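# Secondary and tertiary structure notes
Take a look at the letters that make up each chain.
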Amino acid sequence: GVYSRVYGPLATGINLSFVKEVQVKTGGYEPQYGKSTGGLVQIVTKSGGSAYHGGVSGFFGPQAFEQRRLNPDNFNRLNQTGLLKHQGGYDIAGEIGGYVPGMKDRLFFFGSFNPSWNTQFSQLATLHNVFSYPLSGTPVDLKQTSYNYAAKLTYKLSDKHVLETSLYGDPTRSNTSAFNTTDTFSNTTFSKLSSGTRNWVARYNATLSPTWLFNTSFSWGHNYLTENPLDRNAYQIDDYTGCGFTGDTGSSSCITPLTPGTLDGPLGPLTGIYRRQGVGYTETTKGDNYGLTFDTQKVVDKLGSHTFSLGYHYERNFYKGDRFRTGPLFTVTPTMAADWELPEAAGLLSDAAGFQLRITSSEGVCGTGLVGCPTMFVPGVGTEHVYLRQTRGEFGKTPFDTNGTYHAAYLNDAWSINKYVTFNIGWRWEQQRMQGTPYTDFLTGDKFHTHFVYTDNWSPRIGLSIDPLGNRKSKIYGNFARYSYAIPLDMAIRSLSNELDDPVIAWAPVSDASGNVVINSDGTLANPLLDDAHYLTTITSPSLSSTTSIAPGTKMQYLQEWVGGVQHEFPKGIVAEVRFIDRRLRRIVEDMAGISPEAFQCCLNQNYLISNPTAGTDLFINPVQVDFPAAALPVNAKGVVIPSALCPSGVGGTATDFAGNSVGDFCITNPDVAGTVGKDGKPDGFVNPVRNYRAVELEVNKTFSAGWQMRTNYRWSELSGNYEGAFRNDNGQSDPSISSLFDFVQGDFGLLGTQFQPGWLNTDRHHTLNMFVSYSFTQSFLKNLTLGTGVRVESGIPINDLRAHPAYQNAGEIPVGGRGSLGRTPTDGQADIHADYTLKLTEKQRLHFGTDLFNITNQRTQLRVDQNEDRSFLVKNADFLKPYQGTVGGLIVQPGFQRPFYGRLFVRWEF
């Protein structure tokens, strides 16, 4: 499908009417399967045959079929996110398969088309009704239309040789809507997405002898994403003034109950933080993935029966696009360049990813008497001086063009010694190469293309299965395996390409002759003028490191898995199984920097290196740091430490904790080399990454017989550690292998909280129960009616106290007090019903009518809690521990509450 670094998954990549059967492998899989550290989904697609068959179906699920939803905004949040009121969807599908006339026994075809129309009926946040702008609190409908298609040809050269080719895709379009966010009142935040995939596969299957099979296949997967903001000229501005934020690094009154029991300030209700205008960061991307596979299986009868499997897989991947931020580029002037300590400024153009509109009382930002910062009226607060804080920008080239290659080879022997004992012994080898965008180094002028090859990755797979009675009714089994993870090209875009970041900068908003901020009739601000006249100060320094190097000898991430279980088939088709899984992450790939958060707050720049972090990693020159009690070092009028006699040959600083308090002073005596790349014979101060998963699963299944079937399973599990994996669920960071988790060492003042301390990870659930039962009536007036039910129950997930990062200032980064220290969310569950009535029209034609009813008891359990104690560093979150939901591109990806009762109808004609 299509995956966006901004919006997450946007398309399915597969037409469901093309699917014949699905197999899910969650562990103990053979060496021909790789590139996964979690699970695999195998899909068998439909084919034509020597008779024509097909069908037409339709599903109808209008918003009227859904009960009222609960949203976090229903629970008096200060920072409102808008309402998802209902979802509605319709789709139709047609399919046909058969043979090409004149070639009934040779050439077969299958085709399907499945358009779908889905709508999220939402409402923009009311922001406590303090605004009268036209779009505040108004309904918005986010519509997506997908045109799924699939086609397949099968050519039977002979009984032993078959050619197949398939083409399928899912072009998807949205309307121009609040795709980016719904906590806004401005349609400048609206945009339109166009995305989709086109996949082509060709396969040759050969039976060379009764004991020898050979297969080869070629695949081409193409995907694309285009975003068209409604207003490309509008800078993104998030309004922080409604929290009453004060000071460029000061405090916030977001959580101060100015009027007890309300959200009121002195002049009416506070608004919280919201998107005032602009889409901000967007990407236009195109990806092409080419694959070639050869595999063969040979059965040899010697010392029992051996099935030898040998295979090779090759991939060539290309991913390119253009980074774009709404709002015009601005010129980096000599004044700015000197302040940013850039070596040159001529001809440099930069952009702004976004701004935060903040109240300030700091002369360090505005100048003497705050004359540099205009005033504006803030609901709930009053008339205040404000400034625009640029949060990120870039003066590098906007296009990116990355590529990679992947090789894998495997060998496996399934050895049945006799009817009682079978061994599976295999080995998989993998190698990955990735290359960044060609670039010219900003500092030296040299031209480069940075690449790296992850070599020497070997994965054993060993399995043993025992049939104690030799009657294929019972099985005792165990498996050991290693699974390597292939890193997406996101790393090549961000770390192996030219990414030159602007500093965090303070700008003066456009004001009138009276010194008041200019606000348009729709509530947007006049676009900031990013010139010397409106430039106030630099808050942090720019990042001039064009690329991040990868340490020699770095290998692919892998986990190690043990699986064991017992399975037995009872009479009447009932199969029971007990399975144990132990899965541990043994090696990761991450970008690292060898300084502490306090050293960053003070004075040191980060030097990144990508490698396999452990407690013994020695890649950097360690800062030599001498600590003093708080307030031991003198400070100037702005609160900046003066090195003085306590730090004669180094640089001094003050460590600031999450509450803005000074928790100690320190001196770094080797500032010229501290944190630079190089071994100094001492561990850098990282820890061993830990991600341990253990589970016991019980399954009881019954195949269809006597009119009914059943699938039921229960799982007890625990997931603990200090590293979540490729995706960070705590703060939603989607940067596989280059997250922020190892960007700093622990330091001396606890500014990383318990980030490195193992505990319950964010998706840990101790108990999960699923049960699916269906029954088909064969007699009486209910004949031809099938009823099914599904029940799901799962225990809650941990609740953390997450603080903003003391260096990066991002929310949700640092756990304090231990992971899961604030308890767990409630247990939730639901029951669903399916009904299908079949009307036989002729011998070969049937008409199906049915319905699916979901959550029939209308449970609306709260699923998630706002775990961010801060909105950014030193900006408190008034909604800490209130209901929360995560949105990506206007889509609810982490619902705050369980979806209520909803239903859909369907009809299908088959022939």
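Residues numbered from 1 in each chain as written. Predicted model: local features only at pLDDT ≥ 70, side-chain atom pairs only at ≥ 80, totals over all residues. Heavy atoms only, no water.

## Some points on the overall build of the chain
The cut-off we apply is this: Put simply, DSSP H or I for four residues or longer makes a helix, DSSP E for two residues or longer makes a strand, and each gets a number counted from the N terminus. Accessible area is worked out with a 1.4 Å probe on protein chains only. A residue is then buried under 20% of its type maximum, exposed over 50%, and partly exposed in between. Charged residues are defined narrowly, with Lys and Arg counted positive, Asp and Glu counted negative, and His plus the chain ends left uncounted. Where a charge lies is defined by one atom per residue type, namely NZ (Lys), CZ (Arg), CG (Asp) and CD (Glu).
Helices and strands together make up the secondary structure of the chain, namely 4 helices and 53 strands. Here the C-alpha coordinates of the chain stretch approximately 90 × 65 × 50 Å along the principal axes. Residue burial in the chain is summarised as follows: out of 911 residues, 51% are buried. Charge centroids of the chain, computed over 76 positive and 82 negative side chains, lie 12 Å from each other.

## A look at unusual backbone geometry
Its identity is not glycine, yet leucine 303 carries a phi of approximately 55 degrees, on the positive side. As for its placement among the helices and strands, leucine 303 is situated in the loop between strand S17 (281-301) and strand S18 (305-325). Residue classification places leucine 303 among the exposed residues on the basis of a relative accessible area of 69%. Positive phi, normally seen in glycine, also occurs at leucine 881, with a value near 75 degrees. For leucine 881, the position within the fold is in the loop between strand S50 (875-876) and strand S51 (886-888).

## Details of the pairing of strand S21 (residues 354-359)
Inclusion rule: Strand pairing requires that DSSP identify at least two bridges connecting the strands.
Burial of S21 is extensive: 6 of the 6 residues sit out of reach of the surface. Burial of the side chains of S21 extends over both faces: Gly354, Gln356 and Arg358 are buried on one face and Phe355, Leu357 and Ile359 on the other. Two elements, strand S13 (residues 237-239) and S21, share 3 bridges in a ladder whose sense is parallel. Bridge pairing in S21 links aspartate 238 to glutamine 356. Summarising the sheet, S21 and strand S23 (residues 382-392) pair through 6 bridges and their orientation is antiparallel. Opposite phenylalanine 355, over in S23, you have glutamine 390 as the bridge partner.

## Some points on the packing of aromatic side chains
Worth spelling out the cut-off: The aromatic pairing rule takes the rings of Phe, Tyr and Trp, using the six-membered ring of Trp, and pairs them if the centres are within 6.5 Å, calling planes under 30 degrees apart stacked, those over 60 edge-to-face and the rest tilted. The rule for a charge over a ring is simple: NZ of Lys or CZ of Arg within 6 Å of the ring centre, and within 35 degrees of the ring normal.
In the structure shown here, the tally under the stated rule is 36 aromatic pairs. Between the aromatic rings of phenylalanine 18 and phenylalanine 110, the centroid separation amounts to 5.9 Å while the plane-to-plane angle is 15 degrees, which identifies the pairing as stacked. Of the two residues, phenylalanine 18 is situated in the loop between strand S2 (8-9) and strand S3 (19-25) and phenylalanine 110 in strand S7 (residues 107-123); the sequence distance between them amounts to 92 residues. Neither residue differs from the other here; phenylalanine 18 and phenylalanine 110 are each classed as buried. These aromatic residues form a ring-pair network of at least three members: Phe131, Tyr133, Phe185 and Tyr274. A cation sits over an aromatic face here: arginine 198 above tryptophan 220, 5.1 Å from the ring centre. Positioned above the aromatic ring of tyrosine 902 is the side chain of arginine 899, whose terminal nitrogen or guanidinium carbon lies 3.5 Å from the ring centre.

## With respect to the state of the cysteines
The condition is simple: Criterion for a disulfide: a pair of cysteine sulfur atoms within 2.5 Å.
Across all of its chains, the model carries 2 disulfides by this definition. Linked covalently through their sulfurs, cysteine 366 and cysteine 373 form a disulfide whose S-S length is 2.0 Å. Across the S-S bond of cysteine 366 and cysteine 373 the torsion is about -90 degrees, and the bridge reads as left-handed. With respect to burial, cysteine 366 and cysteine 373 carry one shared label: buried.

## Overview of the pattern of salt bridges
Short version of the rule: Any carboxyl oxygen of Asp or Glu that lies within 4 Å of a side-chain nitrogen of Lys or Arg is treated as forming a salt bridge with it.
A full pass over the atoms with the stated rule returns 40 salt bridges. Measuring nitrogen to oxygen at the nearest pair gives 2.8 Å for the salt bridge that ties aspartate 239 to arginine 276. Placement of aspartate 239 in strand S13 and of arginine 276 in strand S16 (residues 274-277) is noted, with a sequence separation of 37 residues between them. Arginine 276 sits in the buried class, given a relative accessible area of 3%. A salt bridge links glutamate 430 to arginine 428, with the nearest nitrogen and oxygen atoms 3.6 Å apart. By the burial criterion, glutamate 430 is buried, and arginine 428 matches it.

## Some words on the sheet that holds strand S39 (residues 662-668)
Convention followed: To get an axis, a line is fitted to the C-alpha atoms, and for a helix only the part in contact is used. The angle between two axes follows their N-to-C directions and goes from 0 to 180 degrees.
Across the sheet, which stays open at both edges, the 3 strands sit in the order S37-S39-S38 with antiparallel pairing between neighbours. Edge strands, defined here as strands with exactly one partner in the open sheet, are strand S37 (625-628) and strand S38 (651-656). Strand-to-strand, the axes of this sheet are offset by a mean angle of 30 degrees, without reference to chain direction.

## Observations regarding the side chain of threonine 375
Note the threshold: A contact between two residues is defined here by any heavy atoms of the two lying within 4.5 Å.
With respect to the helices and strands, threonine 375 occurs in strand S22 (residues 375-378). Among residues more than four places away in sequence, those in contact with threonine 375 are Thr383, Glu384, His385, Gly515, Asn516 and Val517.

## Some details on the side chain of asparagine 701
The test is simple: Polar contacts here mean pairs of N or O atoms no more than 3.5 Å apart (in protein, one a potential hydrogen donor and the other a potential acceptor; neighbouring residues in sequence count only if both atoms are side-chain atoms).
Turning to its location among the elements, asparagine 701 is positioned in strand S40 (residues 691-705). Among the residues examined, asparagine 701 registers a relative accessible area of 18% and is labelled buried. Separated by 3.3 Å, the side chains of asparagine 701 and glutamate 699 make a polar contact. Dropping the residues within four chain positions of it, asparagine 701 is found in contact with Gly573, Ile574, Val575, Met710, Arg711 and Thr712.

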